[in-house]
Amino acid sequence: MSSVNLEVLLQTLISGVLLGGLYALIALGMTIIMGVMKIINLAHGELMMVGMYIAFVLFSWLHIDPYLSVFIAAPALFVLGVGLQKFLINPVMKVDAILPENQVILTVGIGMVLANLATIIFQSDYRQTPVSYATKAWYLTDLWKGAPLELSLSFPWSVSFTIAVLITACLWFFLAKTDTGKSIRATAQDLDAALLMGVNVERMRVITFGLGSALVGAAGCLFIPIYYIYPDIGGQFTLISFVITILGGLGSTVGAILGGLILGLFESLTATYIGMGWAPVGRFMIFVAVLIFIPGGVASLLRSRKFGK
Amino acid sequence: MKRLLWVIAVLFVFTLLAVPVLAADTFDLVIPLPLTGKQAKFGEIMKRSYEMAAEEINAKGGVKGKKLALSFEDSAGKPETARAIVEKLIDVKKQPLIVGEYTSACAKAVAAVAEERKTPYLVVASADDAITKQNYKYVFRQNQVNDHYADAFTSFLKEVVKPKTIAILYESSAFGTSGSEAMERDAKKIGAQVVLNEKFETGAIDFKPLLSKVKAAQPEVIYSVSYANEAQLLMKQIKELRLDAKLFSGGAAGFAIPEFIEGAKDAAEYVVSATLWTTQLKYPGTKEFAEKYKAKYKDYPSYHGASAYAAVYVTADALKRAKDWTQDGIRDALKATDLKTAFGPVKFEDKEGYQNQNFAETLAIQVQKGEFETIWPKNHASKPYVYPVPSWKERR
């Protein structure tokens, strides 16, 4: 392999990992909601849009860095998520409807309301936060003069990736070590057993929806320095997290992280070696292939190795 | 009570009498354009420009002693609405002339109605080639067609850059695809080899894998066709990768609007793009219009505004010369138009399969020190071009 080809490959892998890490964070929120409530939250991308607009408003009015907005947007989205679950989704879960999955349909409605509210408030203009470090990057040849290859690592992408990893670590700590976290996992694993063990399932649902919204709100803040925003942006991210949630194995957090990385790498490699126009096709080929060949997703593969089934 | 009724009745009769008297003092022109929906921004720019021109003309005494009274109808960028508006204008209001619309789809619909009812229609800012290629007698177009959009840019490539290799990146939309096809043809004409021709999805986030591939192919010129967001992301990520080329360029749209510089910042520096009009042109009235617009609305107008502004002057000029203000009288006057406007010279010609088409001169602009400067053709240049552009390493 010539050095040029190697350079292209390495640069593609770097891009893929960075993108995958961010994808994983977006999908995590959807995944934990999926795990506890057994529904796909189709307003997920719109919640991310709300997070992005919070970061945008804070940046353009108060000049708060989008990365600092994580600490404002995530709690705000938590409150929004709790409210949605408590006052809209929980009541609907109790209603006997003709359709079995009426909560899913409700999330579609919530998403539409959010997108249209954003259109009314912010118009359908494309906006961004012109941060000063938007195109800053580190270069291999700057750090190591005699480097045979030129690789670059984008500053905002790396920061976003690092924060995404930190948030994921915090989430893991929360789920694994705290009482509430354990109760959430118990609810996800077996709702009836959790109920019998004295877990307040309804409260766990509310907290989970809040947590899922907070995660995607944080992801929105991480995306805005490298991307742009408009009211209808939600759909594409709902789609991406949906694919990752399926790929990861419906409700498995580890699966979602791996799924995000796989999708990120897959998209980057497709863009380099097949053609960037094929990315959407590839995404859905993965989606269909996973449903057919590994219906349990990455999580089921991990489990079967661990227990030697 | 009876008395009051009488007073009202008398007033009513007077109002009825007064209306035709007032109407006789003005020439009413209702302009269809998008004021809501996705194209609302362009509709707004055009509305302001139409109004500015009408005010100026009226301040100088109007046309043949009559004031131009403009009003606007919102088509929301929907062809069926535009069609309905124009049908009403011609059939009910008996308006002898139609001016306006923005999107090509709307202009096409309006053109068909106008031709059918033998009413002259002046297209202001719709670029689809087909509009003036259908042997219509009553349809006139003031702005340049899509196919000639990049003429100045191509001549810049041919005479200055003389590239041997070129990479084309385009958005997977109708606009992106047609733009890339046009560039492919032009590249062949100037003897450049297209080493890479890649499309990307609208809304893509990460272009770096694609750009690494471009980097490996080492083209002399990189040409991209896309709307605003992708244009900015592309240039930002080109800078991040230190992807060097002798020239970075774009096919108008996303590369020729102020948002491009605001969003991409220093990554936008030295990018060359095709465009139809700039505020730096040396046509009579261009600078005055641009400055007046900026003073009033705090922003320079785009070519849409300039074309709208000029369209009112073209209309007034045709009305002045028309032997009568009938549909055919105005049509004949429009056909004979030879006017210098702030948008450039306007003359409606039949050639290359087009009818009543104004072949306006196109331009190439380059971002220099965070401003768009006109660089080509030379007689319009506001600053000399920078070529080849410095490498990213040198720019720090």
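Not measured: the values here are computed from a predicted model.

**Focus: the overall build of chain A**
Link 1 in the chain: Secondary structure summary: chain A contains 13 helices and two strands in total.
Link 2 in the chain: Whereas a compact globule of 309 residues would reach a radius of gyration of roughly 19 Å, chain A reaches 20 Å, a difference of no more than 12%.
Link 3 in the chain: Oriented by its inertia axes, the alpha-carbon framework of chain A measures out at about 65 × 55 × 35 Å.
Link 4 in the chain: Counting over 309 residues, chain A shows a buried share of 47%.
Link 5 in the chain: For chain A, contacts bridging at least 24 residues in sequence account for 77% of all contacts bridging at least 6.

**Focus: the overall build of chain B**
Link 1 in the chain: A count of helical and extended segments in chain B gives 13 helices and 16 strands.
Link 2 in the chain: What you see for chain B is a C-alpha radius of gyration of 24 Å, in line with the 21 Å of a compact globule of 396 residues.
Link 3 in the chain: With the principal axes as the frame, chain B shows a C-alpha extent of 90 × 45 × 35 Å.
Link 4 in the chain: Taken over 396 residues, chain B has a buried fraction of 51%.
Link 5 in the chain: For chain B, the share of sequence-separated contacts (at least 6 apart) that also reach a separation of at least 24 residues comes to 66%.

**Some words on the sheet that holds strand β8 (residues 221-225) of chain B**
Residue and element names in this part refer to chain B.
Link 1 in the chain: The mixed open sheet is built from seven strands, whose spatial order is β7-β6-β8-β9-β10-β15-β16. One side of each edge strand has no neighbouring strand; the edge strands of this open sheet are β7 (193-200) and β16 (371-376). Strand-to-strand twist in this sheet, taken as the mean axis angle between neighbours without regard to direction, amounts to 25°.
Link 2 in the chain: When strand β9 (residues 247-250) meets strand β10 (residues 272-275), the two strands line up parallel, connected through two bridges. Bridge assignment links G250 to a residue of β10, and that residue is S273.
Link 3 in the chain: Sheet contacts for helix α5 (residues 151-161): β8, β9, β10, β15 (363-368) and β16; angle to β15, the most-contacted strand, approximately 70°.

**Examining the pairing of β15 of chain B**
Residue and element names in this part refer to chain B.
Link 1 in the chain: In terms of residue burial, β15 counts as a mostly covered element, since five of its six residues are buried.
Link 2 in the chain: Two elements, β10 and β15, share four bridges in a ladder whose sense is antiparallel. Across the sheet, residue T275 finds its bridge partner in β15, namely L363.
Link 3 in the chain: Alignment of β15 against β16, held across five bridges, turns out to be antiparallel.

**Let's talk about the nonpolar core**
Link 1 in the chain: By size, the foremost hydrophobic cluster in this structure holds 144 residues, and its most contacted members are L22, I26, M49 and A219 of chain A together with A364 of chain B.
Link 2 in the chain: Tallying contributions element by element places helix α1 (residues 3-37) of chain A first for this core, with 16 residues.
Link 3 in the chain: Residue contributions to this core reach at least three from each of two domains, namely domain 1 (6-146 + 283-357) and domain 2 (150-275 + 362-395) of chain B.
Link 4 in the chain: The contacts of A364 of chain B, once residues within four sequence positions are left out, are A152, F153, F156, V272, A274, I375 and W376 of chain B.
Link 5 in the chain: One finds L68, L97, L122 and V123 of chain B within the second-largest nonpolar core, a separate group that totals 65 residues.

**Points about the interface of chain B and chain A**
Link 1 in the chain: The partner chain A presents 28 residues to the 28 residues of chain B that form the contact.
Link 2 in the chain: Across the side of chain B that touches chain A, the residue classes tally to nine nonpolar, five polar and 14 charged.

**Topic: the domain arrangement of chain B**
Residue and element names in this part refer to chain B.
Link 1 in the chain: When cut into domains, chain B gives domain 1 (6-146 + 283-357) and domain 2 (150-275 + 362-395).
Link 2 in the chain: Using C-alpha coordinates to define each centre, domain 1 is positioned 34 Å away from domain 2.
Link 3 in the chain: Listed as interface residues are four residues of domain 1 and, on the opposing side, four residues of domain 2.
Link 4 in the chain: Looking at the side of domain 1 that touches domain 2, its residues break down into one nonpolar, three polar and no charged.

**With respect to unusual backbone geometry**
Only a minority of non-glycine residues have a phi that is not negative, and only a minority of peptide bonds are not trans.
Residue and element names in this part refer to chain B.
Link 1 in the chain: Across the junction of W376 and P377, the peptide omega takes the value -5°, indicating a cis bond.
Link 2 in the chain: The topology assignment puts P377 in the loop between β16 and α13 (392-395).
Link 3 in the chain: Here the bond from Y387 into P388 is cis, since omega is -10°, no more than 30 degrees from zero.
Link 4 in the chain: Positionally, P388 belongs in the loop between β16 and α13.
Link 5 in the chain: With a phi close to 70°, Y270 is a non-glycine residue in the positive phi region.
Link 6 in the chain: Along the chain, Y270 falls in the loop between α9 (258-264) and β10.

Parameters at a glance
- Residues numbered from 1 in each chain as written.
- Chains lettered and ligands numbered in written order.
- Predicted model: local features only at pLDDT ≥ 70, side-chain atom pairs only at ≥ 80, totals over all residues.
- Helix = DSSP H or I, 4+ residues; strand = E, 2+ residues; numbered from the N terminus.
- Rg over C-alpha atoms; globule rule 2.2 N^0.38 Å.
- Buried ≥ 20, exposed ≤ 12 C-beta atoms within 10 Å, placed from the backbone.
- Contact = placed C-beta atoms within 7 Å.
- Pairing = 2+ DSSP bridges.
- Axes fitted to C-alpha atoms, helices over the stretch in contact; angles between N-to-C directions.
- Core = buried A, V, L, I, M, F, W, Y, C linked by C-beta atoms within 7 Å.
- Domains from an automatic or database assignment.
- Nonpolar A, V, L, I, M, F, W, Y, C, P; charged D, E, K, R; others polar.

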